[in-house]
Amino acid sequence: MDKLIIEGGHPLRGEVNISGAKNSAVAILPAALLAGAPCTIKNLPDIKDVANIIDILKQLGAEVNKESHDKVIINSNTINTYKVDFELSKKLRASYYFIGALLGRFKKAEVPFPGGCDIGVRPIDQHIKGFEALGAKVIIEHGIIRAEADELVGAPIFLDVVSVGATINIMLAACMAKGTTIIENAAKEPYIVDTANFLNALGANIKGAGTDEIKIKGVDTLGGCEHTIIPDQMEAGTYMIAAAASKGDIIVKNIIPTHLDSISAKMREMGVNIIENGDSLRVIANTRPKAVNIKTLPYPGFPTDLQQPMSVLLSISDGTAIINESIYDGRFKHVDELKKMGAKISVEGRIAIVEGVPKLLGAPVCATDLRAGAAMVVAGLSAEGETVISNITHIERGYENFENKLIKLGAKVKRINEED
Ligand code: EPU
């Protein structure tokens, strides 16, 4: 396994292009299973999670042609099984979307429990409640979720928790159900709108995506389409935070700035200058940021996926900040690593109290999960001296070409083999 070595203290400067959104891509690729004709999907991020989803599509028998690093054509008329392989499924969280997609198309799905980052309890009871409401029988046996229905019939479904995964999975299963499904208390993340737009382009009838009530009128068949994945707001937010932590001045390009409103607002509160300009924004940070409190919430609130990188910026801010992680009960695993770099953070359950220090000092640290890894990179960029980050395979799951994009921004980053 490789390691990243970062020599800190070089402000990021220049422009960075943001890739397609991971969490859209990992939903839209399984959604292509529902299509009756080939689909062309563009602006796909070149990351491990996408490669893993494509491996599952191929294992099911779909034809996947990679036209370029960010474009694939999928023909799912060649699918020959409704059973997802155990080893492939546990490589990532989003393998759960194959339950909704296979159920929606073949009325039958067998998907082993998904993997993904260890950030706390991650049940899928709301997905199952949705499938059952549509008439599926769902049983869990030997770590495999088996769902089956004679026919799927639209139904009202009120989600007990706002869940990105359950909202999308129910949309997938309901597209070709008989009658109308209404998802209430639906998640509103941009990935949900992106997936609904893709399904509608195939011929589905989904209204209200992006609000908390989504109405899906079942249609008999779906065709093919060409779709471009939206930009990744978490990748963009990570670069914005990295720019501020390194006291840099960068332009983040190819984004939808409204998707970043909660992040821009917080960073402005901290004294960082953010200037929006069409599909890009400039981040200028030349002074020490002020401490602010954050509470993670479903979209449009502050995203849990940027809590870990943001905690690095808070750890070098002026003052004391309180972080309330309301989505996951185990998303502070990076704190012990940050403490090795001199951060002063105490964690009590879902609350972290961050006492800002003037600077972090480089140290050997570990990427304990995807966003924790991004946080360690941000910490390394801001720190005095050298930071060595191990276990970077987590980072590769979600960030396209991270070190090269950073090097282009002037960072001193190098990848070495663990054995070196
Ligand atoms: N929840 C339940 N029951 C369910 C589903 C969720 O109790 O059936 C709870 C979860 O335990 C959590 C909350 O509801 O407390 C929200 O979970 P959600 O279902 O929204 O999360 P997810 O679909 O598993 C996606 C992203 C995550 C992101 C969350 C929240 C994908 C593949 N993953 O996960 O992304 O943190 O939404 O926005 O879309 C990441 O990119 O680093 C990442 C972890």
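The structure we're discussing is the one just above.
Here we come to the site of the ligand. The local shell around the ligand holds 26 residues, among which Tyr 96, Ser 163, Asp 305, Ile 327 and Arg 371 are the closest. Separating an oxygen atom of the ligand from a backbone N or O atom of Gln 126 is a distance of 2.7 Å. Here an oxygen atom of the ligand sits 2.7 Å away from a polar atom, N or O, in the main chain of Val 164. Contact with the protein chains covers 90% of the free accessible surface of the ligand, which is 820 Å².

On to the packing of aromatic side chains. According to the stated counting rule, one finds three aromatic pairs in the structure shown. Ring centres of Tyr 239 and Phe 402 lie 5.6 Å apart, and the angle between their planes is 80°; this geometry places the pair in the edge-to-face category. Here Tyr 239, found in helix α8 (residues 233–245), pairs with Phe 402, found in helix α14 (residues 402–408); they are 163 residues apart in sequence, far enough to count as distant. Judged on exposure class, the residue Tyr 239 and its partner Phe 402 are both buried. A ring pair is formed by Tyr 399 and Phe 402, whose centres lie 4.7 Å apart and whose planes are at 10°; its orientation type is stacked. Accessibility assignment for this pair places Tyr 399 and Phe 402 in one class, buried. Ring-pair connections join several aromatic residues into one group, and the members of that group are Tyr 239, Tyr 399 and Phe 402.

Turning our eyes to something else, we now look at helix α4 (residues 97–106). By the criterion of burial, α4 is predominantly enclosed, with eight of the 10 residues buried. Check the buried side of α4 and you find it contacts α1 (22–31), α2 (48–60), β6 (108–112), α5 (125–133), β8 (144–148) and α6 (164–174). Downstream of α4 by a residue or two, Lys 107 has a phi angle that is positive, lying close to 65°.

For residues other than glycine, phi is negative in most cases, and the peptide bonds are mostly trans. Here the amide bond leading from Tyr 299 into Pro 300 is cis, since omega sits at 10°, within 30 degrees of zero. Structurally, the position occupied by Pro 300 is in the loop between β17 (294–295) and α10 (307–315). Positive phi, normally seen in glycine, also occurs at Lys 107, with a value near 65°. Of note, Lys 107 is situated in the loop between α4 and β6. By relative accessible area, which is 22% here, Lys 107 ends up partly exposed. For Asn 401, which is not glycine, the phi torsion reads 55° and is therefore positive.

Strands sit in the order β9-β10-β12-β11 across an open sheet of four strands; the sheet is mixed. Only two strands of the sheet have a single partner each, and these edge strands are β9 (156–158) and β11 (205–207). Sheet twist, expressed as the mean angle between neighbouring strand axes with direction ignored, is 15°. Sheet topology places β9 next to strand β10 (residues 180–184); three bridges connect them, and they run parallel. Note that in β10 the partner of Phe 158 across the bridge is Glu 184.

A surface patch of nonpolar side chains, about 220 Å² in accessible area, is lined by Ile 322, Ile 351 and Ile 353. Mapped onto the fold, Ile 351 is located in strand β20 (residues 351–355). Looking at Ile 351, the relative accessible area reads 30%, which means it is partly exposed.

Let us look at the packing of α1 against α4. Here α1 crosses α4 at 25°, and the two axes come no closer than 9 Å. Between α1 and α4, the interaxial angle falls into the category roughly parallel. When you trace α1 past α4, the crossing you get is right-handed. Contacts from Val 26, Ala 27 and Pro 30 of α1 reach α4 at Tyr 97, Phe 98 and Ala 101. Along the lines of polarity and charge, the residues of the contact of α1 with α4 split into six nonpolar, no polar and no charged.

Next up on the list: the side chain of Glu 325. Structurally, the position occupied by Glu 325 is in the loop between β18 (320–324) and α11 (334–340). Among buried Asp, Glu, Lys and Arg side chains, Glu 325 stands out as unpaired, with Arg 331 the closest opposite charge at 5.4 Å. Side chain to side chain, Glu 325 and Thr 296 meet in a polar contact 3.0 Å long. Looking at Glu 325, its side chain comes within polar contact range of the side chain of Gln 307, at 3.0 Å. Setting aside residues no more than four positions away along its own chain, Glu 325 makes contact with Thr 296, Thr 304, Gln 307, Arg 331, Phe 332 and Arg 350.

What counts as what
- Residues numbered from 1 in each chain as written.
- Predicted model: local features only at pLDDT ≥ 70, side-chain atom pairs only at ≥ 80, totals over all residues.
- Heavy atoms only, no water.
- Near = heavy atom within 4 Å.
- Polar contact = N/O pair within 3.5 Å; in protein donor to acceptor, adjacent residues only side chain to side chain.
- Areas by Shrake-Rupley, 256 points an atom, 1.4 Å probe, with all protein chains shown as cover.
- Phe/Tyr/Trp six-rings, centres within 6.5 Å; stacked < 30°, edge-to-face > 60°.
- Helix = DSSP H or I, 4+ residues; strand = E, 2+ residues; numbered from the N terminus.
- Buried < 20%, exposed > 50% of the residue type's maximum accessible area, 1.4 Å probe, protein only.
- Contact = heavy atoms within 4.5 Å.
- Pairing = 2+ DSSP bridges.
- Axes fitted to C-alpha atoms, helices over the stretch in contact; angles between N-to-C directions.
- Patch = residues over 30% accessible without salt bridge, like charges linked within 9 Å, V, L, I, M, F, W, Y side chains within 5 Å.
- Salt bridge = Lys/Arg side-chain N within 4 Å of Asp/Glu carboxyl O.
- Parallel < 35°, antiparallel > 145°, perpendicular 65-115°, else oblique.
- Left-handed = near helix turned anticlockwise from the far one by under 90°.
- Nonpolar A, V, L, I, M, F, W, Y, C, P; charged D, E, K, R; others polar.
- Lys, Arg positive; Asp, Glu negative; His and termini not counted.

In short, the description is geometric, and any link to function would need to be established separately.
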